[in-house]
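Listed here are the chains, written in short residue letters.
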Amino acid sequence: MVYAARNELPGRISAPTLAAPAAEPNDTGRGDTVVAHSATLEIDERVRARRAAGQPVVHLGFGEAGLPVLPSVREVLAGAADRNAYGAVAGSVPAREAAAGYFTRRDLATDPDQVIYAPGSKALLFALLAVLDGDVVLPQPCWVSYAAQAALAGRGVIPVPIPDEAGGIPDPGRMEHALRAARAEGRVPAAVILTLPDNPTGTLAPAELVDEVCALAEREDLLIISDEIYRDLAFQQGDFHGPATVVAERTVITTGLSKATALGGYRVGLARLPAGARGMTLRTELVGVASELWSSLAAPMQEVARHVYGEPDDVVDYVGRCRRLHATVSKAVHRVFISAGTRCLEPAGGFYLYPDFAPLRGRLGGTGVAGGADLAELLLTRHGVGVLPGEAFGDDPRALRVRVATSLLYGETEDQRWQSLNSEDPLSLPWVAEPLDRLRQALAELGKR
Ligand SMILES: Cc1ncc(COP(=O)(O)O)c(C=O)c1O
């Protein structure tokens, strides 16, 4: 069986879909399981290969925070090198206390027992899907791995289009219809995943929509999985409104150090479970999965987590600088896409944009571009711009939408990235300005040759 994988021509940009597990064109017929290479990791490898072959590429394909390690984090990690013992599955008490403090400072009073660490929030999202008792509602489009993980865990997906205002959340009206239809078919909806702020759209769902989805989740008795890995990168921190403040008893938050503190390779993720009976049951189930899959987050990384979630001044300052840089550069890239004639919501957090090239469909007529995958391929192979097609995020394959990640524009070297982070005017730095110019040029030439 193939799990959420689309047929792949060698080296072509392709993607998992929001389809429930199904035999797909690349089913091996051997009854074994094939999971497609994650589309985001695949584009990164293709861009690297093209660059190694001497072909310049503006790399807008990979959601890596693209910034250097904070010195205090490096010191804590080095000092923890002798932590070689296995530890508690959920994480050490000091690391869980630090995370509880992080949430409590964000108006979510948290007991350390509500916290579980893992090697990346991705692992916890999978574990949550694995212990669900039914299907999961996903915004369409949404982050690449939710649908693939749901398929791996044997969970059905109920895709619901996002509203016009923002991504990361299903449109509440359409969600209500989709739930009714799913129940009529005998399916059992059990959860909904929200992404606040969102990848792929770079937007932040407004409070009213979050409240509507919370009310619906309450009526339908759904668990809300709130993926808040970009929370500290919401450009206006005051605009953030998460479900845990509305329906605390049914909300699990996942987060980690991969984005706001640019430590993706450290693989530090955590879940904040609800207080009370539902939370304790989930804890038991998640600890069970974790104990069989990863045992615990690596002990030295738990020390890093303890340090970062303690939020000393240098961490707070660093996250603030990261947020400002991501905001400045993603808004500049947004202006480039708007000037080129695409439609695109203004980014509000993280480091992504989701332009729609529909207004340029006429111009693209002679290129054979029929959908997002063709468009991404054309941008990469003819114009040297690496992006991911919307269909990698479960979007309609015919739509001319692509996901643009802006965080690899901060420089090629550590020194350049520090300068970008510390600059009052990062757009004037040559290593930021130059790829932006190339992007402008590429979009101006699109469809013309
Ligand atoms: C929305 C979203 N959730 C989760 C993750 C995975 O995070 P982690 O590094 O904690 O596994 C990513 C990383 O790209 C993401 O964009």
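A brief look at the structure comes next. (Residues numbered from 1 in each chain as written. Predicted model: local features only at pLDDT ≥ 70, side-chain atom pairs only at ≥ 80, totals over all residues. Heavy atoms only, no water.)

Looking now at helix H6 (residues 172-184). Taking 1.5 Å as the rise per residue, H6 with 13 residues should run 18 Å; its terminal C-alpha atoms sit 18 Å apart, in good agreement. For H6, the complete set of buried residues consists of Pro172, Met175, Ala178, Leu179 and Ala182. End-on view of H6: buried residues confined to an arc of 115°, all on one side of the axis. Those residues of H6 that are exposed and aimed more than 90 degrees away from the buried face are His177, Arg180 and Ala184. If you follow the buried residues of H6, they end up packed against strand E5 (135-140), strand E6 (157-161), strand E7 (189-195) and helix H7 (207-220). (Helix = DSSP H or I, 4+ residues; strand = E, 2+ residues; numbered from the N terminus. Expected span 1.5 Å × (residues − 1). Buried < 20%, exposed > 50% of the residue type's maximum accessible area, 1.4 Å probe, protein only. Arc of directions from axis to C-beta. Contact = heavy atoms within 4.5 Å.)

Applying the stated criterion across every chain, the model contains 22 salt bridges. Here Arg83 and Glu303 are joined by a salt bridge, their closest N and O atoms 3.6 Å apart. Separated by 220 residues along the polypeptide, Arg83 in the loop between helix H2 (71-79) and helix H3 (93-104) and Glu303 in helix H9 (residues 299-309) bring together distant segments of the chain. Relative accessible area serves as the criterion here: at 12%, Glu303 is assigned to the buried category. Its salt-bridge partner being Asp396, residue Arg398 comes within 2.9 Å of it at the nearest N-O pair. Note on Asp396: relative accessible area 28%, which makes it partly exposed. Salt bridges linked by common partners bring Glu218, Asp221, Glu249, Arg250 and Arg278 together as one network. (Salt bridge = Lys/Arg side-chain N within 4 Å of Asp/Glu carboxyl O.)

A few words now on the side chain of Arg231. Its place among the elements puts Arg231 in the loop between strand E8 (223-227) and strand E9 (251-256). Glu228 is the oppositely charged side chain nearest to the buried, salt-bridge-free Arg231, at an N-O distance of 4.1 Å. When near neighbours in sequence (up to four residues on either side) are disregarded, Arg231 contacts Tyr102, Arg106, Leu108, Leu196, Pro197, Gln237 and Phe240. (Lys, Arg positive; Asp, Glu negative; His and termini not counted.)

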